[in-house]
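A look at the structure
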Amino acid sequence: MTRDYSRRLYEKSVGLMPGGVSSPIRAFEPHPSFISRGEGGVICDVDGNDLIDLCLGYGPLILGHGHPAVFDSLMRQANQGMLFGAPSVPELELVEKLVKRVPCAEMVRLANSGTEATMHAIRLARAYTGREKVVKMSGGFHGAHDSMLVKPGSAAMDLCIPGSPGVPAATVQSTILAEYNDLDMMSDILEEHEVAAVIMEPVMGNAGTILPEDGYLQGVRRLTEEYGTILIFDEVITGLRLAPGGAQEYYGVTPDLCTMGKAIGGGLPAGAVLGGKEIMSMVSPAGPVYMAGTFSGNPMTAAAGNAVMNLLDADVYRSLGDKGAELASTLRDIIEDLGITGCVNQVGSMLQLFLGMERVENAQQASKCDAMMFKSLASDLLDRGVYIPPSQYETCFLCTEHHRSHLSRVSESFHESLKEVSRSV
Ligand SMILES: Cc1ncc(COP(=O)(O)O)c(C=O)c1O
């Protein structure tokens with residue numbers, strides 16, 4: 001497989017864009033692939049190589065690339081206008097759909113990214129409680145705004161960056177770290193501090209895929225209620241992905257607020273803060289908590305999101321879950337056959353293979369995995385036509401357009417690649 005054109009484009013981009021990319025997770029040794037188009041579950045790079053895509057734009061594309069219903073909806077909207085700076089019908093439809101599906105949602109404020117959504121949700125929780133401190137999970141990622149850049153997951157975990165220069169010390173002093181799946185620790189923190197909000201991914205997706213132990217989410221819900229703390233589920237990944245109502249529906253635990261993004265925009269930039277009427281009524285202009293955006297609730301994003309939601313029914317989630325479970329089971333068999341220490345965490349269409357650890361239940365355990373071997377694996381898989389997020393600390397995703405033939409090729413490629421990389425360790 002040649003990737004010469006990608007290499008040449010990368011050489012040009014490093015002089016023009018920091019690290020040659022627009023977001024750090026896209027960096028890839030020796031250079032990233034430039035993608036020219038996508039169709040269904042497959043993308044094609046500028047050198048003409050077809051790649052089965054288990055990255056799917058880091059999650060949003062639950063229907064795969066270029067779904068005709070999404071495309072038609074976008075074209076219809078583009079013909080009518082792309083931005084009005086005034087309310088529009090597609091925006092109202094999107095919000096109605098979210099309120100119908102998401103258990104915690106009686107009202108919604110739309111935004112443009114997951115980062116914006118979590119920033120707004122934290123401000124709202126602070127205003128509502130009159131408190132300042134916020135608890136986040138070590139390895140949890142909630143976007144790149146100041147108060148959340150404390151031991152973040154995703155690219156920062158990969159680069160071993162515990163925070164970021166440029167973030168005021170006073171800002172992070174009000175952020176407290178907890179370990180996921182540790183209820184005793186959560187209880188101690190809430191006992192010791194007056195906490196405005198606990199913000200957490202109900203399933204961690206930015207330290208690899210890490211699932212809640214039985215009773216953990218219920219326990220966090222109980223404790224936050226007890227201490228008058230707002231529970232924010234960051235469902236930027238899990239929203240629409242695990243169930244129509246996200247992880248809160250899947251696990252039966254309703255937070256006070258949730259944030260969404262990714263899939264609700266059908267492939268266009270999206271974000272949302274969702275919650276009950278009492279707290280959401282504090283959002284401007286109904287209340288004093290300021291949230292605003294030129295592109296918030298824009299009709300193009302709403303048109304794409306509406307088209308996606310129209311197609312997501314119980315059968316789709318069942319089928320995605322079956323495919324996820326099947327692939328996870330195959331990967332477990334492969335590492336067992338090859339005698340490789342590792343484990344596979346999976347829920348619905350989210351999964352990750354962890355190398356070097358037999359169990360991964362929090363970010364601390366994830367950080368002990370063999371991240372270098374994982375990078376070699378991602379690189380070898382790319383050579384075989386399978387594109388996964390090139391980091392141990394991300395999640396692989398499946399879409400409706402991944403068919404049996406794709407999944408067999410993915411399994412065969414994992415088998416060959418794991419054989420190859422374990423030989424060279
Ligand atoms: C759980 C979670 N929250 C927030 C964000 C930030 O979203 P965005 O990249 O749209 O700003 C991400 C991005 O990956 C995420 O995974």
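Parameters and conventions
- Residues numbered from 1 in each chain as written.
- Predicted model: local features only at pLDDT ≥ 70, side-chain atom pairs only at ≥ 80, totals over all residues.
- Heavy atoms only, no water.
- Pairing = 2+ DSSP bridges.
- Helix = DSSP H or I, 4+ residues; strand = E, 2+ residues; numbered from the N terminus.
- Axes fitted to C-alpha atoms, helices over the stretch in contact; angles between N-to-C directions.
- Contact = heavy atoms within 4.5 Å.
- Domains from an automatic or database assignment.
- Buried area = accessible area lost by both parts, 1.4 Å probe.
- Salt bridge = Lys/Arg side-chain N within 4 Å of Asp/Glu carboxyl O.
- Polar contact = N/O pair within 3.5 Å; in protein donor to acceptor, adjacent residues only side chain to side chain.
- Expected span 1.5 Å × (residues − 1).
- Buried < 20%, exposed > 50% of the residue type's maximum accessible area, 1.4 Å probe, protein only.
- Near = heavy atom within 4 Å.
- Areas by Shrake-Rupley, 256 points an atom, 1.4 Å probe, with all protein chains shown as cover.
- Nonpolar A, V, L, I, M, F, W, Y, C, P; charged D, E, K, R; others polar.

1. Regarding the sheet that holds strand β7 (residues 195-200)
Taken together, seven strands build an open sheet; the order of strands is β4-β10-β9-β8-β7-β5-β6 and the sheet is mixed. The open sheet has two edge strands with one neighbour each: β4 (107-111) and β6 (175-178). Across the sheet, the mean angle from the axis of one strand to that of its neighbour is 20°, orientation sign disregarded. As paired strands, strand β5 (residues 133-137) and β6 are joined by four bridges and run parallel to one another. The residue of β6 that forms the bridge with Val135 is Ile176. Those strands touched by helix α3 (residues 89-101) are β4, β9 (257-261) and β10 (271-275), and its axis lies near 130° from that of β4.

2. Regarding the domain arrangement of the protein chain
By the assigned domains, the protein chain splits into domain 1 (68-311) and domain 2 (314-395 + 404-423). When each unit is reduced to the centre of its C-alpha atoms, the spacing between domain 1 and domain 2 is 27 Å. Every contact between the two is made by 28 residues of domain 1 and, on the other side, 25 residues of domain 2. In total, about 2,000 Å² of surface goes out of reach between domain 1 and domain 2, with carbon and sulfur atoms giving 57% of it. Put simply, domain 1 and domain 2 have zero salt bridges between them. The tally of links between domain 1 and domain 2 comes to eight residue pairs in polar contact (both at pLDDT 80 or more).

3. So, helix α11 (residues 299-311)
Three- or four-residue spacings in an α-helix give side chains the same orientation, since the helix completes a turn every 3.6 residues. The end-to-end C-alpha distance of α11, which contains 13 residues, comes to 19 Å, matching closely the 18 Å that a straight helix rising 1.5 Å per residue would cover. Of all 13 residues in α11, eleven are buried; the element is thus mostly enclosed. Restricting attention to buried positions, one finds in α11 the residues Pro299, Met300, Thr301, Ala302, Ala303, Ala304, Gly305, Asn306, Ala307, Val308 and Met309. Check the buried side of α11 and you find it contacts α2 (68-80) and α3. The N-capping residue of α11, defined by a side-chain oxygen 3.1 Å from the backbone nitrogen of Met300, is Asn298.

4. A few points about the site of the ligand
Around the ligand, the neighbouring residues are Ser113, Gly114, Thr115, Phe141, His142, Gly143, Glu201, Asn206, Asp234, Val236, Ile237 and Lys262. Thr115 is positioned such that a nitrogen or oxygen atom in its side chain is 2.6 Å from an oxygen atom of the ligand. Between the ligand and Lys262 there is a distance of 2.9 Å, counted from an oxygen atom to a side-chain nitrogen or oxygen. In isolation the ligand offers 380 Å² of accessible surface; the protein chains occlude 82% of this area. Here the shell around the ligand is composed, by residue class, of three nonpolar, six polar and three charged.

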